[in-house]
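What follows is each chain in one-letter form.
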Amino acid sequence: AQSVAQPEDQVNVAEGNPLTVKCTYSVSGNPYLFWYVQYPNRGLQFLLKYITGDNLVKGSYGFEAEFNKSQTSFHLKKPSALVSDSALYFCAVRDHHSNYQLIWGAGTKLIIKP
Amino acid sequence: EADIYQTPRYLVIGTGKKITLECSQTMGHDKMYWYQQDPGMELHLIHYSYGVNSTEKGDLSSESTVSRIRTEHFPLTLESARPSHTSQYLCASSESGELFFGEGSRLTVL
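Summary of the structure given here. Remember, predicted model here, so these are calculated numbers, not experimental data.

**Topic: the side chain of Gln88(B)**
Item 1. Structurally, the position occupied by Gln88(B) is in strand β9 (residues 87–94).
Item 2. Residue classification places Gln88(B) among the buried residues on the basis of a relative accessible area of 5%.
Item 3. Beyond its immediate stretch of four places on either side in the chain, Gln88(B) contacts Gln38(A), Arg42(A), Tyr35(B), Gln36(B), Gln37(B), Glu103(B), Gly104(B), Ser105(B) and Arg106(B).

**Thoughts on the interface of chain B and chain A**
Item 1. On the side of chain A, 19 residues touch chain B, which itself brings 23 residues to the contact.
Item 2. Between Glu98(B) and Lys49(A) there is a salt bridge, with its nearest N and O atoms 2.9 Å apart.
Item 3. Inspection of the region where chain B meets chain A yields six residue pairs in polar contact (both at pLDDT 80 or more).
Item 4. Secondary-structure elements contributing two or more residues to the side of chain B that touches chain A are β4 (31–37), β5 (44–51) and β9 of chain B.
Item 5. Top element by residues in the side of chain B that touches chain A is β4(B). It accounts for four residues.
Item 6. Looking at the side of chain B that touches chain A, its residues break down into 11 nonpolar, six polar and six charged.

**Notes on the pairing of β9(B)**
Residues and elements named next belong to chain B.
Item 1. Burial within β9 is extensive, with eight of its eight residues counted as buried.
Item 2. Here β9 shows two buried faces, one formed by Ser87, Tyr89, Cys91 and Ser93 and the other by Gln88, Leu90, Ala92 and Ser94.
Item 3. Note that β4 and β9 share seven bridges and pair antiparallel. Bridge pairing in β9 places Tyr33 opposite Ala92.
Item 4. Where β9 meets strand β11 (residues 105–109), three bridges bridge the pair, whose relative direction is antiparallel. Among the inter-strand pairings, Tyr89 is bridged to a residue of β11, identified as Ser105.
Item 5. Relative to strand β10 (residues 100–101), β9 runs antiparallel, the two sharing two bridges. Within the sheet, the bridge partner assigned to Ser93 lies in β10 and is Phe100.
Item 6. Here β9 folds back onto β10 in antiparallel fashion, the turn holding five residues.

**With respect to the packing of aromatic side chains**
Item 1. What the rule picks out here adds up to 13 aromatic pairs over all chains.
Item 2. When the ring of Tyr50(A) is compared with that of Phe67(A), the centres are 4.2 Å apart and the planes differ by 20°; the resulting orientation is stacked. Taken together, the residues span a long stretch of sequence, with Tyr50(A) in strand β6 (residues 44–50) and Phe67(A) in strand β8 (residues 64–68) at a distance of 17 residues. Assigned by exposure class, Tyr50(A) and Phe67(A) land together as buried.
Item 3. Plain terms: the ring middles of Tyr48(B) and Tyr50(B) are 5.2 Å apart, the flat faces sit at 45° to each other, and that makes the pair tilted.
Item 4. Judged by its relative accessible area of 11%, Tyr48(B) is buried.
Item 5. Three or more aromatic residues joined by ring pairs form one cluster here, namely Phe34(A), Tyr36(A), Phe46(A), Phe90(A), Trp104(A), Tyr33(B), Tyr35(B) and Phe101(B).

**Some remarks on the state of the cysteines**
Residues and elements named next belong to chain A.
Item 1. Taken as a whole, this structure holds two disulfides over all chains when the rule is applied.
Item 2. Between the sulfur atoms of Cys23 and its disulfide partner Cys91 the distance amounts to 2.0 Å. Measuring the twist about the S-S bond at about -65°, one finds the Cys23-Cys91 disulfide to be left-handed. Taken together, the positions of Cys23 in the loop between β3 (19–21) and β4 (24–26) and Cys91 in strand β10 (residues 87–95) put the pair 68 residues apart, joining distant regions of the chain. In terms of burial, Cys23 and Cys91 fall into one category: buried.

**Remarks on unusual backbone geometry**
Item 1. For the bond from Thr7(B) to Pro8(B), the omega torsion is -10°, close enough to zero to count as cis.
Item 2. Checked against the element boundaries, Pro8(B) lands in the loop between β1 (4–7) and β2 (10–13).
Item 3. Phi at Tyr61(A) is positive, roughly 60°, even though this residue is not glycine.
Item 4. In this structure Tyr61(A) comes out as partly exposed when scored by relative accessible area, which is 47%.
Item 5. Residues other than glycine seldom take positive phi values, yet Asn53(B) does so here, at roughly 65°.
Item 6. In this structure, Asn53(B) sits in the loop between β5 and β6 (54–57).
Item 7. You can call Asn53(B) exposed: its relative accessible area is 69%.

So, how was this worked out
- Residues numbered from 1 in each chain as written.
- Chains lettered and ligands numbered in written order.
- Predicted model: local features only at pLDDT ≥ 70, side-chain atom pairs only at ≥ 80, totals over all residues.
- Heavy atoms only, no water.
- Helix = DSSP H or I, 4+ residues; strand = E, 2+ residues; numbered from the N terminus.
- Buried < 20%, exposed > 50% of the residue type's maximum accessible area, 1.4 Å probe, protein only.
- Contact = heavy atoms within 4.5 Å.
- Salt bridge = Lys/Arg side-chain N within 4 Å of Asp/Glu carboxyl O.
- Polar contact = N/O pair within 3.5 Å; in protein donor to acceptor, adjacent residues only side chain to side chain.
- Nonpolar A, V, L, I, M, F, W, Y, C, P; charged D, E, K, R; others polar.
- Pairing = 2+ DSSP bridges.
- Phe/Tyr/Trp six-rings, centres within 6.5 Å; stacked < 30°, edge-to-face > 60°.
- Disulfide = S-S within 2.5 Å.

Now the structure itself:
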């Protein structure tokens, strides 16, 4: 069965430190992978995606993610965290054979402390 | 900037009332979706559409209904609201890749 796991409910990072939000997936074919961010009382905003090509994908707001096929992971990273990065982050996956539905992770709350 | 709009943003109503949550997009996307999300929790797909006159139920059972008479418009209706319907409802659209989300409609049923 297709699934997405975000193993951490919450990640705490000091401002200026690097951050990582973890995501692992299980799909039957080659995956399309996505990261979204949700600020309080707002809809979700697209951050970045991996379809094919370079395993390191750069996205909005200085975020990047690395696709690792052997570990079936797509961790979100940022070299230097900002307090304004505090939000809820969702990982999602779609395989090539699905009917365009995304499988969503449960979300990870990222808290950046000054 | 995504052009997908939801109204109302916030709604407080009494039990038994009929409500319609509006969702419109100006991007010409064929695919549209409704998700239900409790605060800070995961998203649950309740309805989707692949084009005009196409609607399907999602993974989460919902007492709501949807219609897709025009490409740009995908309203969600609750015939008789109950407190268990209290939640945030997110509308999204896509072409072939990423989803574009509206700001959400937060519904409270008293």
